[in-house]
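This is what each chain is made of:
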Amino acid sequence: MISTSIRLKGFTESVIRGMTRLSNKYDAVNLSQGFPDFDPPRELLDALQKCVYDGPHQYAVTWGAPNFRCALAKKQTRFMGITIDPDENLVVTCGSTEAMMVAMMTACNPGDKVIIFSPFYENYVADTILSGAIPIYVGLRPPDFSFDPDELRKAFEQRPKALILCNPSNPSGKVFTRQELELIASLAREFDTFVITDEVYEHIVYEPSKHCYIAALPGMFERTISCSSLSKTYSITGWRLGYIIASRTIINEARKVHDFLTVGAPAPLQEAAVAALELPDSYYAQLQKDYTHKRNVFLSYLDKAGLVYTKPQGAYYVMVDISGMGCESDVEFCEWLVREIGVAAVPGSSFFNEPVKNMIRFHFAKKEETLKKAGERLLELKSKSYSPRRKEGNEG
Ligand code: GLN
């Protein structure tokens, strides 16, 4: 029989997106796949409306429309504290998902090793395998998701080609401190390793944590491939606008990979998104305030429901420990939760390399009323205990 690529045996379909399908089936409140249920900024919608008739409707420049790159370079220079040249240091991609894939294919040769912190966002394993590389894992140990510097050094001693850094981190909500980043950076310099970042939550950080860009640390720009997107910052996950920031040498190579993968990101959406990139600093301050409020609303329900969790420092996820729920499988617990309580979460095992089965992930990028609806349902956990009823596939 004709057989498909062996690479595909190394990973499964997305558990996160499978949970969304299950959530839809039970008409549950979907706190599994992380995306907002509120509108993007008004300026963006007005700009999009204008593009419908004024265009552009044909291909943009492969590595990004010039006005989009100029606006993005200006904004990132402001926040990263390093000078980003729109013509030399940027590739605009179809979401950060493509940015990461391009970064991995740009950095890695078949057989290279790549360090991934565990728990991880599920795409990183697929990205590593699809680019022909081999993942090696370093634990971020619950409940505080800290790592052991000796374990990290041992991983570097295996001479990896790259390390993937999700900061602020999905699913743990960890924000790496400057000190932690300096340690990672010094190992990357010592062992001549690329750092590939996923910084899509760069503007969703809770006081007193601060986001620090590893690319801005001394000697790191030439070995860092920074990936991010507009999805989370402007609540436009469906627009698929992401980007890579790196040195001119890396960008010249990354442009080729991007060109042959997707040609380019959608031209009308790049045009409209310039309005978002030009928003003043007050927009980002308000975003942080709004997300802090959402986090507090949701965590107060978790407290009331008696659930044990790690308080997120950034991003919009919270990992809940379900050890006390009398269930041995996080997958079965999530299936029961969506069916019987009407709230969808993601089983934590899909994020861990280690056999962790006692954690589940909720996200709180939702309107206050949605969070309250989910929260009220979770309060039922106080009186209703887990009881497996029947086997439920997660449909995908
Ligand atoms: N990053 C989001 C999450 O972790 C969305 C994932 C996706 O489906 N692309 O839930």
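What comes next concerns the included structure. (Residues numbered from 1 in each chain as written. Predicted model: local features only at pLDDT ≥ 70, side-chain atom pairs only at ≥ 80, totals over all residues. Heavy atoms only, no water.)

**Regarding the nonpolar core**
Right, so step 1: Counting residues in hydrophobic clusters, the biggest one holds 75 residues, and the most contacted among them are Phe68, Tyr234, Leu337 and Phe362.
Right, so step 2: Looking at which element gives the most residues to this core, the answer is helix α10 (residues 281–304), with nine residues.
Right, so step 3: Among all residues touching Phe362, those that are not within four sequence positions of it are Leu31, Phe298, Leu302, Tyr316, Tyr317, Val318, Val320, Leu337, Val343, Ala344, Ala345 and Leu378.
Right, so step 4: Ranked by size, the runner-up nonpolar core spans 61 residues in total, among them Val195, Cys212, Ile250 and Phe351. (Core = buried A, V, L, I, M, F, W, Y, C linked by side-chain atoms within 4.5 Å. Buried < 20%, exposed > 50% of the residue type's maximum accessible area, 1.4 Å probe, protein only. Helix = DSSP H or I, 4+ residues; strand = E, 2+ residues; numbered from the N terminus. Contact = heavy atoms within 4.5 Å.)

**Quick notes on the pattern of salt bridges**
Pairing between side chains becomes possible if they bear opposite charge and their charged atoms approach one another.
Right, so step 1: Enumeration over the complete set of coordinates arrives at 16 salt bridges.
Right, so step 2: A salt bridge links Arg69 to Asp87; its shortest N-O distance comes to 3.1 Å. Of the two residues, Arg69 is situated in helix α3 (residues 66–80) and Asp87 in the loop between α3 and β2 (90–94); the sequence distance between them amounts to 18 residues.
Right, so step 3: Across the pair Lys161 and Asp112 runs a salt bridge whose closest N-O atoms are separated by 3.9 Å. (Salt bridge = Lys/Arg side-chain N within 4 Å of Asp/Glu carboxyl O.)

**Here we look at the sheet that holds strand β4 (residues 134–139)**
Right, so step 1: Pairing is mixed across the open sheet formed by seven strands, whose spatial order is β2-β8-β7-β6-β5-β3-β4. Of all the strands in the sheet, just β2 and β4 have a single pairing partner and so form its edges. Shown here is a sheet whose adjacent strand axes are inclined to one another by a mean of 25°, direction ignored.
Right, so step 2: Here three bridges tie strand β3 (residues 113–118) to strand β5 (residues 162–166), and the two strands are oriented parallel to one another. (Pairing = 2+ DSSP bridges. Axes fitted to C-alpha atoms, helices over the stretch in contact; angles between N-to-C directions.)

**Details of the site of the ligand**
Right, so step 1: Surveying the vicinity of the ligand reveals the residues Ile16, Arg17, Gln33, Gly34, Tyr121, Asn170, Tyr201, Lys232, Tyr317 and Arg361.
Right, so step 2: The side chain of Arg17 places a nitrogen or oxygen atom 2.5 Å from an oxygen atom of the ligand.
Right, so step 3: A distance of 3.3 Å is found between an oxygen atom of the ligand and a side-chain nitrogen or oxygen belonging to Tyr317.
Right, so step 4: When isolated, the ligand has an accessible area of 300 Å², and the protein chains bury 87% of it.
Right, so step 5: Judged by its atoms lying within 2 Å of the grid points, the ligand is housed in the largest pocket. (Near = heavy atom within 4 Å. Polar contact = N/O pair within 3.5 Å; in protein donor to acceptor, adjacent residues only side chain to side chain. Areas by Shrake-Rupley, 256 points an atom, 1.4 Å probe, with all protein chains shown as cover. 1 Å grid on protein atoms, 1.4 Å probe; cavity = no way out; pocket = protein on both sides within 12 Å on 5 of 7 lines; lining within 4 Å. Sits in = over half its atoms within 2 Å of the grid points.)

**What about unusual backbone geometry?**
Right, so step 1: Residue Gly55 is joined to Pro56 through a cis peptide bond whose omega torsion reads 5°.
Right, so step 2: Looking at the secondary structure, you find Pro56 in the loop between α2 (42–54) and α3.
Right, so step 3: Going from Ser118 to Pro119, the amide bond is cis rather than trans, its omega being 15°.
Right, so step 4: Tracing the sequence through the fold places Pro119 in the loop between β3 and α5 (123–130).

**Quick look at helix α8 (residues 248–262)**
Right, so step 1: With 15 residues, α8 should cover 21 Å at 1.5 Å per step; its first-to-last C-alpha distance of 21 Å lies within 8% of that length.
Right, so step 2: Residues of α8 that are buried: Ile250, Ile251, Ala254, Arg255, Val257 and His258.
Right, so step 3: Those residues of α8 hidden inside the fold are in contact with β2, α4 (95–107), β6 (194–198), β7 (224–229) and β8 (241–245).
Right, so step 4: In the segment just after α8, Val263 is the residue with positive phi, at about 65°. (Expected span 1.5 Å × (residues − 1).)

**A short note on the layout of surface pockets**
Right, so step 1: Empty space within the largest pocket amounts to approximately 410 Å³.
Right, so step 2: Lining the largest pocket we find 25 residues, and of these Arg17, Thr97, Tyr121, Lys232 and Arg240 sit closest to its centre.
Right, so step 3: Put simply, the parts of the chain that give the lining of the largest pocket at least two residues each are α1 (15–26), α4 and α5.
Right, so step 4: In terms of residue count, the dominant contributor to the lining of the largest pocket is α4 (four residues).
Right, so step 5: Class assignment of the residues belonging to the lining of the largest pocket gives a composition of nine nonpolar, 10 polar and six charged.
Right, so step 6: Estimated volume of the second largest pocket: approximately 320 Å³.
Right, so step 7: For the second largest pocket, the lining is made up of 16 residues, of which Phe11, Thr12, Glu122, Val125 and Ser350 are closest to its centre.
Right, so step 8: If you tally residues by element for the lining of the second largest pocket, the top one is α5, at three residues.
Right, so step 9: Here the lining of the second largest pocket is composed, by residue class, of seven nonpolar, six polar and three charged. (Points joined across faces, edges and corners; volume = space filled by probe spheres on them. Nonpolar A, V, L, I, M, F, W, Y, C, P; charged D, E, K, R; others polar.)

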